[in-house]
Amino acid sequence: MLINSYPVYVIKVGSGYGIMATPDSPEEKPEYAVLVFRKEELADQFIEAVGLENADVRYLRDERELGRVLASQPAEVTHIAIDSSLKDGHLETTCLTLYEMIKEHMPLARSPWDYPVFFLRQRNGNFSAIQTEKSLVIAMFTSNQLTKDYRAKLDRPAQYEITRVETPKALLEFLKALPEEITAVAFNPTMDGQSTKAQCLEIAKLIEKFLS
């Protein structure tokens, strides 16, 4: 894994981020890479080596923050350059396309939620689900507290235990193993009396958009 801990660091220049031409950038259609560093001192050294003015080092707390920076780049920025250094005119860097970086190395960046996520499992093995006109919708929660709050409003809450799913890969396996009659996920449902409210997404679409 190219980045296995956070924070990471980027160079803020004006309203944008520090970039450079990729080592193999074609002359007829230049390609650029956004600069990302795994250590703050590496970013400071790069700023000094290239003489960047009015540049500040900013940290990104997690994978999702980095994902937002990469996704916001203009069309000509097609790559990410990790731990670039310039010494005696010699550039050393690791470049990947933004697509490859996000697709292959940043699974958390593609999710609109953090991990772990939580489900409520009954003692008989069934999961807490909402009956709709057409199917069952499993309840998924993005925090332990939201899960507890929902459980407290269920009939016989003691019959439910909290199941944690820690990673995108584990969530994919979990969803694929559900019974066929469960066709969608309800995100952080809430109960008001006997009425349940939630935003729902079909499991197949959730897998295609965030987990495949």
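Residues numbered from 1 in each chain as written. Predicted model: local features only at pLDDT ≥ 70, side-chain atom pairs only at ≥ 80, totals over all residues. Heavy atoms only, no water.

1. Looking at the packing of aromatic side chains
Aromatic ring pairs are defined here through the distance separating the ring centres and the angle between the ring planes.
Move 1: Using the criterion set out here, one finds 8 aromatic pairs in the structure.
Move 2: Between phenylalanine 37 and phenylalanine 46 the ring centres are 5.8 Å apart and the planes differ by 50 degrees, which places this aromatic pair in the tilted class.
Move 3: On the accessibility criterion, phenylalanine 46 (6% relative accessible area) is buried.
Move 4: Geometrically, the ring pair formed by tryptophan 113 and phenylalanine 210 is edge-to-face, given 5.5 Å between the ring centres and 70 degrees between the ring planes. (Phe/Tyr/Trp six-rings, centres within 6.5 Å; stacked < 30°, edge-to-face > 60°. Buried < 20%, exposed > 50% of the residue type's maximum accessible area, 1.4 Å probe, protein only.)

2. Brief notes about the packing of helix H5 (residues 168-176) against helix H6 (residues 203-211)
What describes two packed helices is the angle between their axes and the distance between those same axes.
Move 1: The geometry of H5 relative to H6 is characterised by a closest axis approach of 11 Å and an angle of 160 degrees between their N-to-C directions. Taken together, the axes of H5 and H6 are roughly antiparallel relative to one another. The chirality of how H5 crosses H6 is left-handed. Taking contact as the criterion, the partners of Pro168, Leu171, Leu172, Leu175 and Lys176 in H5 are, on H6, Ile203, Leu206, Ile207 and Leu211.
Move 2: Partitioning the contact of H5 with H6 into residue classes produces 8 nonpolar, no polar and 1 charged. (Axes fitted to C-alpha atoms, helices over the stretch in contact; angles between N-to-C directions. Helix = DSSP H or I, 4+ residues; strand = E, 2+ residues; numbered from the N terminus. Parallel < 35°, antiparallel > 145°, perpendicular 65-115°, else oblique. Left-handed = near helix turned anticlockwise from the far one by under 90°. Contact = heavy atoms within 4.5 Å. Nonpolar A, V, L, I, M, F, W, Y, C, P; charged D, E, K, R; others polar.)

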